Amino acid sequence: MEVTLSVNGEPVTRDVEARLLLVHFLRDELGLTGTHWGCDTSNCGSCVVLYDDEPVKSCTVLTAMAGGHDVRTVEDLEQDEVLDPVQQGFMECHGLQCGFCTPGMLMSARALLDRDPDPSEDVIREAISGQICRCTGYASIVRSVRWAAVHPEGRSEA
Amino acid sequence: MQVPAPIEYERATSVEHAIGLLTRLGDEARLIAGGHSLLPMMKLRLANPEYLIDINDLHGQLSYIDIGATRVRIGAMTRHRELLESVALAEVCPIFRDAERVIADPPVRNRGTLGGALCQADPSEDLSSVCTTLDASCVIRGRDGERVVSMDDFHRGPYETAVRHDEMLIEVRIPMRPHGSSAYAKVDRRAGDWAVAAAGAALWLDEHGTIADARVGLAAVGPNTTGIPAISEALRGRAPGEDAWTEAAAIAEAACRPVTDSRGSADYKRHLAGELTRRTLRTAWERVVAWR
């Protein structure tokens, strides 16, 4: 079936199987491998993308269902070679170790800051509670998101 | 890699269209709303529909929380997040916010719907227990019109509801009575997991501060999320307080039918059923008193 959706601001039309999950569409059809495919069971959250500006687990959405909707992936965060503040924050505060959960964490963090520019640590922890960091680096991830909240322009002031 | 079996996909543009498609395609067709119950079942090939009818375009029409003097009406496509964030709903039925805080996680709550949760009819699912506690009714629409069934009649057993293959749940109605409040509590192994055990309680006082009525609904401790009428009978006319909660807890422990599994032993779950009944009744009562 033919599906048209917006991915990172660009309209995309593809002929896909109705059963194709959004995570595989992004990775295999569009080559956007920044979105990670983890547990397959909507538990780990490494496949989180923004769907009409809100985080969803792309392993539990059919590509067909996303037709007509706006999907944003981690590849969309950096603009004109300038990192998004959440990306910069993860760099500044050691928000990643192995990096597998990072794309999902970044997208949830971006959606949170768009809604609440100055979230408390508790609010950040709730926002990323659908995501698992198997390196258990949660404290650094929370610090990274706080860094992004304090530095909405992104770049380090040091 | 978990992928669903091949399917045909249709989008419904109205409730009538969805019901027409269900009628035409027969019992191999399933509605998909948030998809967070059905898609995992399809990936595991536990559900193998030939046709999926996507009703997400009906969100605008079937997502509402309408609070009236005598009843609350909630559209079946209302998403978990909308239930969680509704201040007006939390004021009249705080049990919803209690439950939604511990249902899954934010990305899942962005998609999953009230109707989808009820129609999945998982015995461990929280909103079924919430709706049972609140004595809710379900509005089911078919080709020939609507029928309204109580939660006890709606929930036929694990993964089985009163909704026929060519029908659709469109609304949940909750009766409102004065001087009442409600609460929900769940024990889970990790944040957002399915319950080891959970309990909801609703309580109404009369003009003298005596218990006019009380209801308790348990989740994950039996094949069904039915209420416990014996608790209602025992509490009506009683003075609120620890003696009443303890008696209700004992009834809940005796009435539930938990099984030992990876989430805990039957004995532990039975203990939780009692303790959570005690706590939610106490919280519901404290909320009525604070509210008056």
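Look a little higher up for the structure.
So, how was this worked out
- Residues numbered from 1 in each chain as written.
- Chains lettered and ligands numbered in written order.
- Predicted model: local features only at pLDDT ≥ 70, side-chain atom pairs only at ≥ 80, totals over all residues.
- Heavy atoms only, no water.
- Helix = DSSP H or I, 4+ residues; strand = E, 2+ residues; numbered from the N terminus.
- Rg over C-alpha atoms; globule rule 2.2 N^0.38 Å.
- Buried < 20%, exposed > 50% of the residue type's maximum accessible area, 1.4 Å probe, protein only.
- Contact = heavy atoms within 4.5 Å.
- Areas by Shrake-Rupley, 256 points an atom, 1.4 Å probe, with all protein chains shown as cover.
- Lys, Arg positive; Asp, Glu negative; His and termini not counted.
- Charge placed at Lys NZ, Arg CZ, Asp CG, Glu CD.
- 1 Å grid on protein atoms, 1.4 Å probe; cavity = no way out; pocket = protein on both sides within 12 Å on 5 of 7 lines; lining within 4 Å.
- Points joined across faces, edges and corners; volume = space filled by probe spheres on them.
- Nonpolar A, V, L, I, M, F, W, Y, C, P; charged D, E, K, R; others polar.

*Asks:* A description of the overall build of chain A should follow, citing residues and the corresponding values.
*Replies:* Within chain A one finds five helices and five strands. Its helices and strands taken in sequence order, chain A reads β-β-α-β-β-β-α-α-α-α from the N to the C terminus. Relative to a compact globule of 158 residues, whose C-alpha radius of gyration would be 15 Å, chain A shows 15 Å and is just as compact. Each principal axis of the C-alpha distribution contributes one length, and for chain A these read about 50 × 30 × 25 Å. Per-residue burial for chain A yields a buried fraction of 56% across its 158 residues. Across chain A, every contact between residues at least 6 apart in sequence was considered, and the portion connecting residues at least 24 apart equals 56%. Only carbon and sulfur atoms are counted for the fraction: they give 47% of the accessible area of chain A, which is about 7,000 Å². The distance from the centre of the 12 positive side-chain charges to the centre of the 26 negative ones in chain A is 6 Å.

*Asks:* An account of helix 1 (residues 22-29) of chain A is requested, with residue identities and associated values reported.
*Replies:* All names here are of chain A. Of all the residues in helix 1, the buried ones are Leu22, Val23, His24, Phe25 and Leu26. Check the buried side of helix 1 and you find it contacts strand 1 (2-7), strand 2 (10-15), strand 3 (48-51) and strand 5 (70-72). Following helix 1 by one or two positions, Gly31 has its phi on the positive side, about 70°.

*Asks:* Could you give an account of empty space enclosed by the protein, with specific residues and numbers?
*Replies:* Residue and element names in this part refer to chain B. By the definition in use, this model includes two cavities of 30 Å³ or more. Taken as a whole, the largest cavity holds about 90 Å³ of empty space. If you go around the largest cavity, the residues you meet are Val92, Cys93, Leu134, Ile174, Pro175, Met176, Arg177, Gly180, Ser181, Ser182, Ala202 and Trp204. Broken down by secondary-structure element, the contributors of at least two residues to the lining of the largest cavity are strand 10 (168-175), strand 11 (180-188) and strand 12 (195-205).

*Asks:* Can you tell me about the layout of surface pockets, naming the residues and giving the values?
*Replies:* In this structure, the second largest pocket spans a volume of roughly 380 Å³. Forming the walls of the second largest pocket are 16 residues, and the residues nearest its centre are A:Arg115, A:Glu126, A:Ala127, B:Glu85 and B:Pro106. Within the residue set of the lining of the second largest pocket, elements represented by two or more residues are strand 4 (54-57), helix 3 (102-115) and helix 4 (121-127) of chain A together with helix 4 (80-85) and helix 7 (106-109) of chain B. Residues of the lining of the second largest pocket, tallied by class, amount to six nonpolar, two polar and eight charged.

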